[in-house]
Amino acid sequence: MADHTAETGSSSAMLDVIVVGAGFAGVYAVYKFRRLGFSVRAFEAGGDVGGTWYWNRYPGCRCDIESIYYSYQFDDDLQQEWEWTERYASQPEILSYIRHVADRFDLRRDIRFNTRVTAARFEAASGQTPSHWTVATNGGQTHKARFCVMASGVLSAPNLPDIPGRDTFAGKSHHTGRWPRDGVDFTGLKVAVVGTGSSGIQSIPLIAEQAERVTVFQRTPNYAVPASNRPLEPHELNDIKSRYGEIRAASKKGFTALPFKPAGPSALGVSGGEREQVYEHWWRNNGLAFQGAFADLLFNEDANLTAANFVRNKIRELVNNEEVAERLTPRFPLGCRRMCVDTRYYATYNRTNVTLVDVSRRPIDGIVPEGVCVGGAVHAADAIVFATGYDAITGALLAMNLRGRGGLSLRDKWAEGPRAYLGLAARGFPNLFMVNGPGSPSVLINMVTGVEQHIDWIADCLAHLRNRGLDAVEAIAQHEDAWAAHNNEVAERSIRGNCASWYNGANIPGKPGGFMPYVGGFPAYSEKCEQVAQNGYEGFALS
Ligand code: NA7
């Protein structure tokens, strides 16, 4: 399907809402705001809807949340008519789904594609002009809207490490998050893969099947559990559809907005044999939810160790070469960095055309025309895959040069680390909302459910302002601080707060620290948001 053309011409008309991004969040935002009678326009840097699923076309790219959950629930006809074909949907299928949603609700007419927002500035009310945002796009155009909704994605600003000589490489190199539309043929090539996070773990087995040789450069090994992907049988899908309401309701009660219930409150409260049985069952069946097999796995180090050791043993069983197995074995607590789901990842290291190079102690020295240098030795490569991740959660927001009240830049406000009340709004930035901003559960939960909750909350807030003839909404400092303190406190209670990871910005040199996503779980978070709304938007100044 052809991409859409870019935005042309500035607009002097004052819109109600500008939405930045047309991934799952932006697409739903356009639908929702339009439905409530707000004038809305979205700007999207990509050539079509999809966000993450538009850009990430690397081999093996697949969602790590099951399709039947990783989908919208706002329209029952939509969820009844869409037929997921696999337990975990592949990137092409998710992209088709979101395109279908855009077609079905005729959303594209309010989205400008190939249009990147380069700056946005808040203008206080003056005379007859209400307070508003002026938004600049890459063609030099400007647009005005009373409200801005940043649906710009949390894993959308790629991290391409500054490795000396990167631009001298003679072959082609690709970041997994900017994969060519027509794919890449690795047949007969020597391929270097840098990075063993989710994108590396998903792509390495498929690249290894095609390429002549694959050399994987691993700085930190990660825990991966089997996805156990398979086709969804029609009878399963029909059963799900007949109970969708019930399934969605149960999901909203789940800590991660998924309907999994732990096998017990504590991994330490059952016998060793019973625990192994539970782990074996969850390992075989539940993918990412493995880390919730017992309720205390992410809160108690001793409990966590039992699950970590279970996976470590699995790695030793799956990888024939003991030394390679050791290198692939993570030493940090399970779940403290984003866990991965895999399909034949560990077994791929049993192939004779795959080599694992440990760059944890001795980093990559540089890239030369012929390949990748480590410890003075050149590992020959015809192509490099950078599976090196993202400037997560804040990267896309900070790239937009946002300026709030009095010209305050978001970068300055967040110089010591990001803070946003409920992860939705930052003091000094009136009428600007973030979807999945720092301080919201975002990447720790089923993101589609999180996105719907955020957009619904923002839409209700705008309707509240409209009904009362109000002009502006802004987070109050004391509430923003209290939320940041609460966020830190729950992160400290959790195992997740204990590692260097992209959750706390450690993957980006110079990025200020602090655990960004809210660890308190979806039910507690959504209840808090509801309470805030019911109390007349407590913690926000309305004017
Ligand atoms: P991740 O999970 O951030 O993984 C990036 C990987 O790249 C990780 O293994 C990094 O090692 C590695 N990396 C980054 N820079 C370098 C350099 N300079 N040298 C060697 N290795 C490097 O990104 P993904 O795209 O895999 O996954 C992102 C999320 O998308 C994922 O969690 C899912 O939610 C979907 P490090 O760990 O920093 O030592």
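Worth saying up front: this structure is predicted, and the values here are computed from it rather than measured.

1. Re the domain arrangement of the chain
Assigned domains within the chain: domain 1 (14–157 + 392–542), domain 2 (158–222 + 338–389) and domain 3 (260–331). Computed over C-alpha atoms, the centres of domain 2 and domain 3 are 28 Å apart. Counting from both sides, the interface comprises 14 residues of domain 2 and, opposite them, 13 residues of domain 3. The tally of links between domain 2 and domain 3 comes to 4 residue pairs in polar contact (both at pLDDT 80 or more). Secondary-structure elements contributing two or more residues to the side of domain 2 that touches domain 3 are β11 (340–342), α11 (345–348) and β12 (354–358). No other element matches α11, which puts 3 residues into the side of domain 2 that touches domain 3.

2. Digging into the sheet that holds strand β7 (residues 172–175)
Taken together, the 5 strands give an open sheet; going across it, the order is β7-β16-β8-β9-β12, and neighbouring strands pair in parallel fashion. Either end of the sheet is taken by a strand with one partner, and the two such strands are β7 and β12. For this sheet, the mean angle separating the axes of adjacent strands, direction not counted, is 20 degrees. As judged from the 4 bridges shared by β7 and strand β16 (residues 383–386), these two strands associate in the parallel manner. Looking at β16, one finds that His174 is bridged to Val385.

3. Topic: the state of the cysteines
As enumerated under the stated definition, the model contains 1 disulfide in all. Here Cys336 engages in a disulfide with Cys499; their sulfurs sit 1.6 Å apart. One quick way to see it: the torsion about the S-S bond of Cys336 and Cys499 is about 135 degrees, and its sign makes the bridge right-handed. Residue Cys336 is found in the loop between α10 (322–328) and β11, and its partner Cys499 is found in the loop between α15 (477–493) and α16 (522–534); the two are separated by 163 residues along the sequence. Just as Cys336 is buried, Cys499 falls in that class too. Looking at Cys61, it has no disulfide partner, and the nearest cysteine sulfur is the one in Cys63, 8.7 Å off. Between Cys529, a free cysteine, and Cys461, which holds the nearest cysteine sulfur, the sulfur-to-sulfur gap is 11 Å.

4. Section: the site of the ligand
Inspection of the region around the ligand gives 17 residues, with Ser198, Ser199, Arg219, Thr220 and Arg337 positioned closest. Take Ser198: an N or O atom from its main chain is 2.9 Å from an oxygen atom of the ligand. Arg337 places a side-chain nitrogen or oxygen 2.5 Å from an oxygen atom of the ligand. Here the ligand, which alone exposes 780 Å², has 86% of that area covered by the protein. When the residues that make up the shell around the ligand are grouped by side-chain class, the tally is 6 nonpolar, 8 polar and 3 charged.

5. Let's talk about the sheet that holds strand β13 (residues 364–368)
Judged by pairing direction, the sheet is antiparallel, and its 3 strands sit side by side in the order β13-β14-β15 without closing on themselves. Of all the strands in the sheet, just β13 and β15 (377–380) have a single pairing partner and so form its edges. Sheet twist, expressed as the average angle between the axes of neighbouring strands with direction ignored, equals 30 degrees.

6. Details of the environment of Ala475
Mapped onto the elements, Ala475 comes out in strand β19 (residues 473–475). Residue classification places Ala475 among the buried residues on the basis of a relative accessible area of 4%. A C-alpha to C-alpha distance of 21 Å links Ala475 and Ala25, two positions 450 residues apart in sequence. Among all residues touching Ala475, those that are not within four sequence positions of it are Tyr421, Ala425, Ala426, Arg427, Glu480, Gly539 and Phe540.

7. Things to note about helix α6 (residues 234–242)
Along α6, the positions that sit buried rather than exposed are Glu236, Leu237, Ile240 and Lys241. The arc that holds every buried residue of α6, seen down its axis, measures 135 degrees, which confines them to one face. Pointing more than 90 degrees away from the buried face of α6 are the exposed residues Pro234, His235 and Ser242. Close packing links the buried residues of α6 with α3 (76–81) and α7 (244–253).

8. Quick notes on helix α1 (residues 24–35)
Over its 12 residues, α1 extends 17 Å from the first C-alpha to the last, a length consistent with the 16 Å expected when each residue adds 1.5 Å. Of all 12 residues making up α1, 10 are buried, and the element is well covered by its neighbours. Within α1 the residues assigned to the buried category are Phe24, Ala25, Gly26, Val27, Tyr28, Ala29, Val30, Tyr31, Lys32 and Phe33. Note on α1: the residue one or two positions beyond its end, Gly37, has a positive phi of about 85 degrees.

9. Here we look at the pairing of strand β1 (residues 14–20)
Regular strands show a simple pattern: their side chains alternate between the two faces of the sheet. Burial runs high along β1: 6 of the 7 residues are buried. As judged from the 6 bridges shared by β1 and strand β6 (residues 142–150), these two strands associate in the parallel manner. Across the sheet, the residue bridging to Ile18 is Cys148, located in β6.

10. A few points about the packing of aromatic side chains
Following the criterion strictly, the structure yields 41 aromatic pairs and no others. With a centroid separation of 5.1 Å and an interplanar angle of 65 degrees, the aromatic rings of Tyr72 and Phe74 are classed as edge-to-face. Between the aromatic rings of Trp457 and Phe540, the centroid separation amounts to 5.6 Å while the plane-to-plane angle is 40 degrees, which identifies the pairing as tilted. Of this pair, Trp457 sits in helix α14 (residues 447–467) while Phe540 sits in strand β20 (residues 540–542), and the two are 83 residues apart along the sequence. Neither residue differs from the other here; Trp457 and Phe540 are each classed as buried. Among the aromatic side chains, those forming a connected cluster through ring pairs are Phe24, Tyr28, Tyr31, Trp53, Tyr70, Tyr72, Phe74, Trp82, Trp84, Tyr97 and Phe105. In this structure, Arg57 packs its charged tip against the face of Tyr54, placed 4.8 Å from the ring centre. The cationic tip of Arg337 hangs over the ring face of Phe332; the distance from NZ or CZ to the ring centre is 5.3 Å.

The rules behind these values
Residues numbered from 1 in each chain as written. Predicted model: local features only at pLDDT ≥ 70, side-chain atom pairs only at ≥ 80, totals over all residues. Heavy atoms only, no water. Domains from an automatic or database assignment. Contact = heavy atoms within 4.5 Å. Polar contact = N/O pair within 3.5 Å; in protein donor to acceptor, adjacent residues only side chain to side chain. Helix = DSSP H or I, 4+ residues; strand = E, 2+ residues; numbered from the N terminus. Pairing = 2+ DSSP bridges. Axes fitted to C-alpha atoms, helices over the stretch in contact; angles between N-to-C directions. Disulfide = S-S within 2.5 Å. Buried < 20%, exposed > 50% of the residue type's maximum accessible area, 1.4 Å probe, protein only. Near = heavy atom within 4 Å. Areas by Shrake-Rupley, 256 points an atom, 1.4 Å probe, with all protein chains shown as cover. Nonpolar A, V, L, I, M, F, W, Y, C, P; charged D, E, K, R; others polar. Arc of directions from axis to C-beta. Expected span 1.5 Å × (residues − 1). Phe/Tyr/Trp six-rings, centres within 6.5 Å; stacked < 30°, edge-to-face > 60°. Lys NZ or Arg CZ within 6 Å of the ring centre and 35° of its normal.

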